[in-house]
Every structure is written in structure tokens, then in C-alpha cells.
Amino acid sequence: MNLLEKFGSVIVKNNDRIPKEDIDFIKSLEKDYLKTLSNNISILDTLKPLSEIFEHVNRYDSYNYNPNDSINVVKAYISNLHYRYIHDITNYINSKYNMDIKIDEMHVVASYEVKMLYQSKPKYVDYHGHNRYHWDKIDELTVNYMDVMDFIFDSIGGLDLNDFKINESKQHLNDMYSNDSHRNHFTISNNGVLTLPSFINNPEQHWSFDSTSKTLNSLINLLELVYKESISNFSEKLSKTSLFEFFCVNRPYSKNIQNMYDKYMINDDVVEYLKYFKNGTLKVKFNNKKLANKFINTF
């Protein structure tokens, strides 16, 4: 097998490793991205003939409009479009699988990194005060979502997405309650109440979003393991959507902020309720101590 064939097999393998629901979501992003890109290319195609005409206009005439200014605005928008599309894919994967992939170092073409696409970064002003662009052919780029996914798989050492998610969740909670000397250790009562001190703080605030998201996602992922081991259906009330809504994550002006300190009732055969306190402590009431220990043993 030559190098090209090996490269092709890696792409097929990575494509097969992406869950269908993720492919469906990414393809919905792709559809919007390609449609918007096509619309902007059409605008450029309309403006380019005007630019050629302008080159023949007498510079001392009263004709002040330069179509190149409009062309550069559209190119800057296309640059932002590429950037947003790449980051939308990455943010989705990061959020779902508890990752922290830094996509800005990825090369969209040789010697051209994602971070150079953002806003006015492809543009710079020369010594004469004129706008110049690092890449005048930015409208010729079309981002392939598999290039983004290949970069993500490379960044996690080729692991399966779900395996990485579980490993990261285990490591995160282990770091919180085994390696953090400033955090009190968890406790388990005989009736199955697991107490997790300093679990999350001010989940409604924007500044706490990253840490809150990672911690709540870790909780959800490992609770799901307990449900699977107990051969029980995972409660929809413990899904990311439900928990993030209950804890008003990243919603500082929500009218429901005070409600997050009430008992969050689950009432199934694994978890009875969650109870959050203003000092950041979270209590998870399992149906018995054995289930609480099973959760702790996951990390």
C-alpha cells in the first residue's frame, strides 16, 4: 500500500468512527456553509467586472467609488465564514465529548492556519496605508469537514470519540477529588447520598461556562456509565440539555436562578434527586450506597 492509499484509508476509517448523529449535525452545518459561500461567490462574480472597469477610469475624475473595496469586504466575510464553520464543528465536538481541541493551529492550506481566517486577520496595512491581503484567493477555498475531524482525531491520538469522552470525564473528576489539595474530599452516607464539595460555582455566569460545562458533562457521562452497568434506562432529566437548563448555565439573567437550589427530582431506579448549594456543593442521592460507590469507582 503506497502513501496515498494509506492516507485514503485513514480518512475512511475516521469517517466511519463518527457517530451518525454527529455526521447528521455536521452535514447540516455544511449545508448552510456551502449555501452561504455560494451566495458570496456570486456577489464576487458580480463585482469583479466592475473592478476591471474601474482600472480604466481616469484617477483624476470625480468617480470616487472603488469596487475593490466592496470585493475586499466580501472576501473578509468569506474568510469569517470559513472560520465560523470550522469552529462550529469543533465547538460541537468539544462540547459533546468533553474535549478542549485548539483548532486555530490547524492548516486549512499549506502555511495558512485557521486563526488567520478570523475577521480582519487576512488583511494588513502596508507602509503606504493601503490595505493588503495575505491571501487574495480566499474565495477559492472550500473547507471539508473531514479535514477538521481528521485534525481532531490526530489531536486525541486516534482514540474513539466516546472512549476519549469517558477517559476525560474520569480524569477530570479524579483531578478534582484526588489531586486538588484545596478541595474537600467527597463523602458517601449510608442512605446513598454522595456529597461533592465545590463541585461547580456560579454556573449561571459567563466566566464560569468552560469549567461548569466540563464538570457537568463529566458528571453526566459517568452517571450514564452507572445506568448502563445497572441495566437501567438513562433518565432524560440527567441529559446535558436538562441539567444545563436547570442550573441556568451561562444564563446570568434567568428568572429561574433561585430554583437551582431546589431538589432536582429524578426518581428512577438509580438516582432519586440532585441538590445544589450556594457554596458550590452538589449532593446526588442514589437509591442506595452501592450505587453511589459504583459511581465513585468509575473515576
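Attention here is on the structure that accompanies the text. Owing to the predicted nature of the structure, the values given are computational and were not obtained by experimental measurement.

**Concerning the sheet that holds strand β9 (residues 282-286)**
Phase 1: Pairing is antiparallel in the open sheet, where five strands are placed in the order β5-β6-β9-β8-β7. Looking along the sheet, the strands with just one partner apiece sit at the ends: β5 (187-188) and β7 (263-265).
Phase 2: Of the strand pairs in this sheet, strand β8 (residues 271-276) and β9 are connected by five bridges, and their pairing is antiparallel. Paired with valine 271 across the two strands is phenylalanine 286, which belongs to β9.

**Let's talk about the nonpolar core**
Soluble globular proteins: nonpolar side chains tend toward being buried together.
Phase 1: Core analysis: the largest hydrophobic core is formed by 41 residues, its most contacted members being Phe199, Leu219, Phe247, Val271, Leu274, Phe286 and Phe295.
Phase 2: Broken down by secondary-structure element, the contributors of at least two residues to this core are α5 (161-179), β6 (193-196), α6 (209-229), α7 (240-246), β8, β9 and α8 (289-296).
Phase 3: Top element by residues in this core is α6. It accounts for eight residues.
Phase 4: By size, the runner-up hydrophobic cluster in this structure holds 39 residues, among which are Ile23, Leu37, Val74 and Ile89.

**Comments concerning the packing of aromatic side chains**
Phase 1: A complete count under the given rule lists 11 aromatic pairs for this structure.
Phase 2: An angle of 5° between the planes, with centres 4.0 Å apart, marks the rings of tyrosine 33 and tyrosine 85 as stacked. Highlighted residues: tyrosine 33 in helix α2 (residues 20-54) and tyrosine 85 in helix α3 (residues 67-96), separated in sequence by 52 residues.
Phase 3: Looking at tyrosine 33, the relative accessible area reads 2%, which means it is buried.
Phase 4: Between phenylalanine 247 and tyrosine 276, the ring centres sit 5.5 Å apart and the planes meet at 90°, which makes this aromatic pair edge-to-face.

**A closer look at the environment of phenylalanine 247**
Phase 1: Along the chain, phenylalanine 247 turns up in the loop between α7 and β7.
Phase 2: C-alpha separation for the pair phenylalanine 247 and asparagine 202, spaced 45 residues apart in sequence, amounts to 9.1 Å.
Phase 3: When residues no more than four places from it in sequence are discounted, the contact partners of phenylalanine 247 are Ile200, Pro203, Glu204, Leu216, Met260, Tyr276 and Leu282.

Calculation notes
Residues numbered from 1 in each chain as written. Predicted model: local features only at pLDDT ≥ 70, side-chain atom pairs only at ≥ 80, totals over all residues. Heavy atoms only, no water. Pairing = 2+ DSSP bridges. Helix = DSSP H or I, 4+ residues; strand = E, 2+ residues; numbered from the N terminus. Core = buried A, V, L, I, M, F, W, Y, C linked by side-chain atoms within 4.5 Å. Buried < 20%, exposed > 50% of the residue type's maximum accessible area, 1.4 Å probe, protein only. Phe/Tyr/Trp six-rings, centres within 6.5 Å; stacked < 30°, edge-to-face > 60°. Contact = heavy atoms within 4.5 Å.

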